[in-house]
Amino acid sequence: DAGITQSPRHKVTETGTPVTLRCHQTENHRYMYWYRQDPGHGLRLIHYSYGVKDTDKGEVSDGYSVSRSKTEDFLLTLESATSSQTSVYFCAIRGQGNNSPLHFGNGTRLTVT
Amino acid sequence: SQQGEEDPQALSIQEGENATMNCSYKTSINNLQWYRQNSGRGLVHLILIRSNEREKHSGRLRVTLDTSKKSSSLLITASRAADTASYFCATVSLLIQGAQKLVFGQGTRLTINP
């Protein structure tokens with residue numbers, strides 16, 4: 001597996017609380033991504049980063065923010081968790097080159113009650 | 001909405017048989033990729049085919065791409081129990097600063113029966 005670790009692996013939280021998910025890579029890859037995976041919707045891009053402090057929104061970014069203060073860490077924050085954010089969250093990294101594939105972490109299963 | 005759509009949604013075959021999964025997409029692409037996901041794990045990259053390629057092989061995998069029909073297929077030959085997983089196609093579009101957006105279909109759930 002590519003050197004990519006997500007933490008925590010599982011989390012249960014209450015509606016209205018802030019939650020931060022962490023993605024850590026040891027590959028020194030430039031690009032990092034956060035996806036969510038839901039039945040009936042597949043994987044959808046939340047935010048992505050193209051360098052330290054360089055981030056942009058994906059297709060389902062409302063209610064989420066990200067930060068990347070170091071190459072190796074990409075944090076996803078749910079500012080005020082809602083039940084609709086119950087999902088499995090995947091971080092992915094990609095190296096340089098147009099044909100470099102994504103390497104995924106093993107996901108964080110988040111339940112908002 | 002998702003760019004890629006896989007067909008069938010689920011496929012169950014006997015070990016040793018071949019499995020074929022199809023993917024259709026809507027807009028022009030830079031390349032198309034196939035990924036596998038085992039239960040409870042992240043996606044694993046299988047194979048990439050560029051928009052100017054028509055067929056590509058990797059071990060027991062064969063991918064075809066027909067840009068005129070906006071479709072791709074993944075063939076797994078001589079299937080094994082370990083091939084049981086969900087398979088996703090992903091189309092690639094370019095974002096800023098060399099970042100890429102991969103848009104995934106909803107996947108085909110493949111079950112290999114012993």
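Values in this document were obtained by computation on a predicted structure and should not be read as measured data.

Reading the values: the criteria
- Residues numbered from 1 in each chain as written.
- Chains lettered and ligands numbered in written order.
- Predicted model: local features only at pLDDT ≥ 70, side-chain atom pairs only at ≥ 80, totals over all residues.
- Heavy atoms only, no water.
- Disulfide = S-S within 2.5 Å.
- Helix = DSSP H or I, 4+ residues; strand = E, 2+ residues; numbered from the N terminus.
- Buried < 20%, exposed > 50% of the residue type's maximum accessible area, 1.4 Å probe, protein only.
- Pairing = 2+ DSSP bridges.
- Axes fitted to C-alpha atoms, helices over the stretch in contact; angles between N-to-C directions.
- Contact = heavy atoms within 4.5 Å.
- Salt bridge = Lys/Arg side-chain N within 4 Å of Asp/Glu carboxyl O.
- Polar contact = N/O pair within 3.5 Å; in protein donor to acceptor, adjacent residues only side chain to side chain.
- Nonpolar A, V, L, I, M, F, W, Y, C, P; charged D, E, K, R; others polar.
- Phe/Tyr/Trp six-rings, centres within 6.5 Å; stacked < 30°, edge-to-face > 60°.

1. Looking at the state of the cysteines
Residue and element names in this part refer to chain A. Evaluated as defined, the whole model comprises 2 disulfides over all chains. Linked covalently through their sulfurs, Cys23 and Cys91 form a disulfide whose S-S length is 1.9 Å. Classification of the bridge connecting Cys23 and Cys91 rests on its S-S torsion, roughly -75°, and on that basis the disulfide is left-handed. Note that Cys23 is positioned in strand β3 (residues 19-25) and Cys91 in strand β9 (residues 87-94), a separation of 68 residues in sequence. Like Cys23, the residue Cys91 is buried in the burial classification.

2. With respect to the sheet that holds strand β1 (residues 4-7) of chain A
All names here are of chain A. Taken in spatial order, the 4 strands of this open sheet run β1-β3-β8-β7, and their pairing is antiparallel. Two strands bound the open sheet, and with one partner strand each, they are β1 and β7 (64-70). The mean angle between the axes of side-by-side strands here comes to 20°, regardless of whether they run parallel or antiparallel.

3. Concerning the interface of chain B and chain A
Between chain B and chain A, the residue contacts involve 26 residues of the former and 28 residues of the latter. Counting across the chain B and chain A interface gives 0 salt bridges. Taken together, the connections running from chain B to chain A amount to 10 residue pairs in polar contact (both at pLDDT 80 or more). Put simply, the parts of the chain that give the side of chain B that touches chain A at least two residues each are β4 (31-37), β5 (43-50), β9 (85-94) and β10 (100-104) of chain B. Considered class by class, the residues forming the side of chain B that touches chain A number 10 nonpolar, 13 polar and 3 charged.

4. Brief notes about the sheet that holds strand β6 (residues 55-58) of chain B
Pairing between sheet strands relies on hydrogen bonds along the backbone, with the strands arranged either parallel or antiparallel. Residue and element names in this part refer to chain B. Read across the open sheet, the 5 strands follow the order β1-β3-β8-β7-β6; overall the sheet is antiparallel. Both edges of this open sheet fall to β1 (5-7) and β6, since each of them pairs with a single strand only. Geometrically, the sheet is characterised by an average inter-axis angle of 20° between neighbouring strands, direction not taken into account. Note: β1 against strand β3 (residues 19-24), 3 bridges, orientation antiparallel. Bridge pairing in β3 links Glu5 to Ser24.

5. Re the pattern of salt bridges
In this structure the tally under the stated criterion is 7 salt bridges over all chains. With a closest N to O distance of 2.8 Å, Asp38 of chain A and Arg36 of chain A form a salt bridge. Residues Asp38 of chain A and Arg36 of chain A agree in their burial class; the two are buried. Arg60 of chain B is paired through a salt bridge with Asp83 of chain B; the nearest N and O atoms lie 2.9 Å apart. Highlighted residues: Arg60 of chain B in the loop between β6 and β7 (61-66) and Asp83 of chain B in the loop between β8 (71-76) and β9, separated in sequence by 23 residues. Residue classification places Asp83 of chain B among the buried residues on the basis of a relative accessible area of 8%.

6. Let's talk about the packing of aromatic side chains
Counted according to the given criterion, the structure contains 10 aromatic pairs over all chains. Centre to centre, the rings of Tyr35 of chain A and Phe104 of chain B are 5.6 Å apart; their planes meet at 85°, and the pair counts as edge-to-face. Residue Tyr35 of chain A is found in strand β4 (residues 31-38), and its partner Phe104 of chain B is found in strand β10; the two belong to separate chains. An identical accessibility class is assigned to Tyr35 of chain A and Phe104 of chain B; each is buried. Measuring from ring centre to ring centre gives 6.3 Å for Tyr48 of chain A and Tyr50 of chain A, while their planes differ by 45°; the resulting arrangement is tilted. Each member of the pair Tyr48 of chain A and Tyr50 of chain A is classed as buried.

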